Amino acid sequence: MARHTELKYRTIFEAKENELEGLKAISANSRWKPAYHIHPQYGLINDPNGLAYFNGEYHVFFQWFPFDAIHGMKHWGHVKSTDLVNWERLPVAIVPVKDYESHGAYSGASLEVDGKLYMYYTGNIKYSAVERSANQCLAIMDKAGTITKYANNPIIEGVPEGYTGHVRDPKVFERNGRYYMLLGAQRTDLTGAIIVYDSANAIDWSFRGELKIDLEFPDSVYMLECPDFFELDGQDVMIFSPQGLKEEGHDYHNLYNVIYLLGKLDIENLTYQVECYQELEKGFDFYAPQTFVGKNKERLLFSWAGMGEVEYPSDRESWAHCLSVPRELGIVNGKLVQKPAQDLKLLRQTSNSGEMTISETGGEIGNPSDQYELDLNFNSIQSNKFGLELFVSETEGLVLEFDREQQIVSLNRENFEAAFGGEYGYVRSAELALGDNVKVQVFVDHSIAEIFINDGEVVFTARVFPKAESKGIRMFSDGNISCSYSKYELAQGISI
Ligand code: FRU
């Protein structure tokens with residue numbers, strides 16, 4: 001398929017006169033634009049890519065289609081920061097102008113090699129609406145910030161035998177003096193897999209085979225996207241984004257979902273022994289996360305706070321989606337937990353805190369605003385059902401409800417004039433051991449809420465598109481509870 005036959009496959013270099021300025025002007029007026037979440041000035045953002053702390057700065061790249069709120073020709077957008085919250089927008093990092101990336105520079109990861117940042121990505125090739133192939137490619141950033149595509153790209157041409165054209169999203173790491181590349185793949189029988197290449201120099205790669213994970217995926221899983229691998233607290237952790245999982249109890253309610261594994265990787269023998277297998281997040285808008293090592297050697301994660309094939313209200317304003325806040329990963333009681341990264345505290349401005357007793361009449365936290373952090377402790381809980389409502393007005397509200405009898409927590413986003421995504425349901429839920437205390441930490445930013453419960457034991461990401469007046473915070477309970485809270489107004493971390 002020649003790329004120029006469709007407007008969808010144009011690069012930013014082919015923008016018409018004043019086209020980009022026009023797009024920027026339409027989307028700049030949006031009330032729903034986040035203030036501290038990485039988001040596009042215009043066009044559509046999806047997966048975080050190439051995440052790195054390199055040469056004293058954080059670099060976040062991301063999938064970006066400039067021209068519309070649709071999945072078209074993907075570029076790598078770029079922001080950087082000396083912390084994890086104040087971002088400078090930089091010129092687009094990878095523009096897919098070459099034949100080996102004719103239909104987009106798809107997702108990938110980066111690795112520092114000999115003082116340079118090696119950025120691995122997939123050159124997407126479409127022959128027709130259904131036929132495709134993939135090349136694995138390399139771009140290199142030096143310490144001056146100059147990004148150059150490797151002259152002998154692609155570093156891996158095409159896909160190995162036994163797999164369809166769906167082979168993508170390289171994650172490269174070093175183990176025992178060798179480099180390994182994991183790729184998400186689809187077998188020719190249309191089931192999902194992870195395949196492995198290895199290399200002595202991080203440039204010349206040999207196909208090793210499929211990673212044998214001792215786990216039966218349901219046959220409905222037709223592709224594994226965005227594999228990630230890292231070591232944390234003596235565990236070998238894998239994260240990936242399977243497509244085709246069917247919902248099961250509280251799990252996998254989104255169109256596509258994210259899984260993590262704890263266990264042991266024997267990369268030389270291509271085996272992974274699973275000790276724990278879980279859904280990573282319980283919210284509506286969480287996909288394709290990637291991790292990397294931060295300034296203090298902590299394991300950090302960003303994810304796409306969005307979902308494919310769902311129409312979002314901001315699409316009408318020529319922009320779509322944002323990334324999650326940065327999160328720090330840990331292992332607690334044999335489970336992976338996600339906490340808001342420490343640097344988010346740098347955004348705090350004014351604060352108000354207080355304590356109150358909540359009964360059937362409920363309680364409110366004042367000073368309504370659009371971009372804040374709320375840290376809450378519910379103590380001496382004597383009720384069965386209680387919770388918190390965000391983005392509250394007379395007609396709207398996002399409802400977080402704890403149910404002690406059933407030992408579950410749920411989040412409901414049905415109650416908005418611009419409700420969306422209803423084809424996948426408006427409620428998400430998780431099991432949670434509920435005693436007398438619960439800790440809730442919330443990050444609200446215009447059209448997104450990220451909710452961390454009990455230090456990241458359960459996390460929900462929800463995009464919502466409230467009316468201008470829907471800013472209130474309300475607590476409710478069917479019995480007595482004490483509640484202490486601190487609310488911090490947060491600064492603008494990225495330009496609109
Ligand atoms: C995941 C994904 C990746 C792909 C990219 C394209 O959201 O589908 O597999 O590389 O998005 O934008």
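The rules behind these values
- Residues numbered from 1 in each chain as written.
- Predicted model: local features only at pLDDT ≥ 70, side-chain atom pairs only at ≥ 80, totals over all residues.
- Heavy atoms only, no water.
- Pairing = 2+ DSSP bridges.
- Helix = DSSP H or I, 4+ residues; strand = E, 2+ residues; numbered from the N terminus.
- Axes fitted to C-alpha atoms, helices over the stretch in contact; angles between N-to-C directions.
- Phe/Tyr/Trp six-rings, centres within 6.5 Å; stacked < 30°, edge-to-face > 60°.
- Buried < 20%, exposed > 50% of the residue type's maximum accessible area, 1.4 Å probe, protein only.
- Lys NZ or Arg CZ within 6 Å of the ring centre and 35° of its normal.
- Salt bridge = Lys/Arg side-chain N within 4 Å of Asp/Glu carboxyl O.
- Domains from an automatic or database assignment.
- Contact = heavy atoms within 4.5 Å.
- Buried area = accessible area lost by both parts, 1.4 Å probe.
- Near = heavy atom within 4 Å.
- Polar contact = N/O pair within 3.5 Å; in protein donor to acceptor, adjacent residues only side chain to side chain.
- Areas by Shrake-Rupley, 256 points an atom, 1.4 Å probe, with all protein chains shown as cover.
- Nonpolar A, V, L, I, M, F, W, Y, C, P; charged D, E, K, R; others polar.

### Some points on the sheet that holds strand S24 (residues 348–358)
Okay, so step 1: One open sheet accounts for 6 strands, arranged S24-S35-S26-S31-S32-S33; its pairing is antiparallel. Both outer strands of the open sheet, S24 and strand S33 (458–463), are each paired with one neighbouring strand and no more. Going across the sheet, the axis of each strand differs from the next one's by a mean of 15 degrees, ignoring polarity.

### So, the packing of aromatic side chains
Okay, so step 1: All told, the structure shown has 26 aromatic pairs when counted by the stated rule.
Okay, so step 2: Taken together, a centroid distance of 5.1 Å and an interplanar angle of 85 degrees make the contact between Trp32 and Phe465 edge-to-face. Pair noted here: Trp32 is in the loop between helix H1 (19–28) and strand S1 (43–54) and Phe465 is in the loop between S33 and strand S34 (472–477), with a separation of 433 residues, a long-range link. Comparing Trp32 with Phe465, the two get one shared label, buried.
Okay, so step 3: Through a chain of ring-to-ring contacts, three or more aromatic side chains come together here, namely Tyr53, Tyr58, Trp87, Phe292 and Phe302.
Okay, so step 4: The ring of Tyr488 is capped by Arg348, whose NZ or CZ atom sits 3.8 Å from the centre of that ring.
Okay, so step 5: The side chain of Arg413 reaches across the aromatic face of Phe284, ending 4.0 Å from its centre.

### Side note on the pattern of salt bridges
Okay, so step 1: Summed over all chains, the structure comprises 23 salt bridges.
Okay, so step 2: Notably, a salt bridge pairs Glu281 with Arg327, separated by 2.9 Å at the nearest N-O pair. Placement of the pair is Glu281 in the loop between strand S18 (271–279) and strand S19 (287–293) and Arg327 in strand S22 (residues 327–332), with a sequence separation of 46 residues.
Okay, so step 3: Note on Arg327: relative accessible area 0%, which makes it buried.
Okay, so step 4: Connected via shared salt-bridge partners are Arg175, Glu231 and Asp236.

### Overview of the domain arrangement of the chain
Okay, so step 1: Annotation of the chain at the domain level lists domain 1 (2–340) and domain 2 (343–490).
Okay, so step 2: Placing the centre of domain 1 and that of domain 2 at their C-alpha centroids yields a distance of 30 Å.
Okay, so step 3: Listed by partner, the interface residues are 38 residues for domain 1 and 43 residues for domain 2.
Okay, so step 4: Taken as a group, Tyr36, His250 and Phe284 account for 22% of the area that domain 1 buries against domain 2, more than any other trio of residues on that side.
Okay, so step 5: Where domain 1 touches domain 2, the interface holds 2 salt bridges.

### Things to note about the site of the ligand
Okay, so step 1: Contacts to the ligand come from Asn46, Asp47, Gln63, Lys74, Tyr106, Ser107, Arg168, Asp169, Glu225, Tyr287 and Trp304.
Okay, so step 2: In the environment of the ligand, an oxygen atom lies 2.7 Å from a nitrogen or oxygen atom belonging to the side chain of Gln63.
Okay, so step 3: Separating an oxygen atom of the ligand from a side-chain N or O atom of Arg168 is a distance of 2.8 Å.
Okay, so step 4: Expressed as a share of its isolated accessible area of 320 Å², the protein-covered part of the ligand is 90%.
Okay, so step 5: Of all the secondary structure elements, the ones that give two or more residues to the shell around the ligand are S1 and strand S10 (163–175).
Okay, so step 6: Taken together, the residues of the shell around the ligand break down into 3 nonpolar, 3 polar and 5 charged.

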